[in-house]
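Coordinates in review
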Amino acid sequence: MATNEAIDQMQHVVHISTGISTGCKHCRTPIGGDRFAEAINHYIQEHRYRLLHVGQQTEDGSEGPYQTTVAVLGVPLAVSEDSLKII
Ligand SMILES: [Zn+2]
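What this report covers is the structure whose coordinates are included nearby. (Residues numbered from 1 in each chain as written. Predicted model: local features only at pLDDT ≥ 70, side-chain atom pairs only at ≥ 80, totals over all residues.)

Tallying secondary structure elements over the chain gives two helices and five strands in all. Ordered by position in the sequence, the α and β elements of the chain form the string α-β-β-β-α-β-β. For the chain, the proportion of its 87 residues judged to be buried stands at 17%. (Helix = DSSP H or I, 4+ residues; strand = E, 2+ residues; numbered from the N terminus. Buried ≥ 20, exposed ≤ 12 C-beta atoms within 10 Å, placed from the backbone.)

Written as structure tokens, this is what we have:
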């Protein structure tokens, strides 16, 4: 489990949720929602992120509360910007 301190040492941090479909913040590949595991692997393999935290979260939906799985990934400050393949 990541502490806030660990997150502070990251130059980029992303939050991925099974409840939200979005695009990769760097290359706009569709991620999140049904592609949760794929999204995590995408950030790790394509952009050198590290997995910092995975957990369950309760969201309020129009049909009542529902559970989502969230992941937080980050790129350590030590990784050079040039090597991230970030557009
Ligand atoms: Zn990407």
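Okay, the sheet that holds strand S4 (residues 50-61) next. Spatially, three strands are ordered S1-S5-S4 in an open sheet, and the strand pairing comes out antiparallel. Only two strands of the sheet have a single neighbouring strand rather than two, namely strand S1 (10-17) and S4. Ignoring strand direction, the axes of neighbouring strands in this sheet form an average angle of 25°. Taken together, the seven bridges between S1 and strand S5 (residues 64-76) define a ladder with antiparallel strand orientation. Looking at the pairing, histidine 15 lines up with valine 72 of S5. The strands that helix H2 (residues 36-47) touches are S1, S4 and S5; relative to S5, the one it contacts most, it runs at about 10°. (Pairing = 2+ DSSP bridges. Axes fitted to C-alpha atoms, helices over the stretch in contact; angles between N-to-C directions. Contact = placed C-beta atoms within 7 Å.)

Time to look at unusual backbone geometry. Positioned with a positive phi, arginine 28 is a non-glycine residue whose angle comes to about 65°. Residue class for arginine 28 comes out exposed when judged on the 10 C-beta atoms lying within 10 Å of it. Positive phi outside glycine occurs at arginine 48, with the angle close to 65°. With respect to the helices and strands, the residue arginine 48 is situated in the loop between H2 and S4.

Here we take up the pairing of S4. Alignment of S4 against S5, held across 11 bridges, turns out to be antiparallel. Of the residues in S5, the one forming a bridge with valine 54 is alanine 71.

Here the focus is the nonpolar core. Counting residues in each nonpolar core, the largest one holds 10 residues, listed as Val14, Ile16, Ile31, Phe36, Ala39, Tyr43, Tyr49, Ala71, Leu73 and Val75. Broken down by secondary-structure element, the contributors of at least two residues to this core are S1, H2 and S5. If we skip the residues at most four places from it in the chain, leucine 73 touches Val14, Ile40, Tyr43, Tyr49, Arg50, Leu51 and Leu52. (Core = buried A, V, L, I, M, F, W, Y, C linked by C-beta atoms within 7 Å.)

Next up on the list: H2. Its 12 residues place the ends of H2 16 Å apart at the C-alpha level, agreeing with the 16 Å of an ideal helix rising 1.5 Å per residue. Listed as buried for H2 are Phe36, Ala39, His42, Tyr43 and His47. Summarising the axial view, the buried residues of H2 lie within an arc of 115°, below the 170-degree limit, and thus occupy one face. For H2, the exposed residues lying more than 90 degrees away from the buried face are Ala37 and Gln45. Count one or two residues on from H2 and you reach arginine 48, which has phi positive near 65°. (Expected span 1.5 Å × (residues − 1). Arc of directions from axis to C-beta.)

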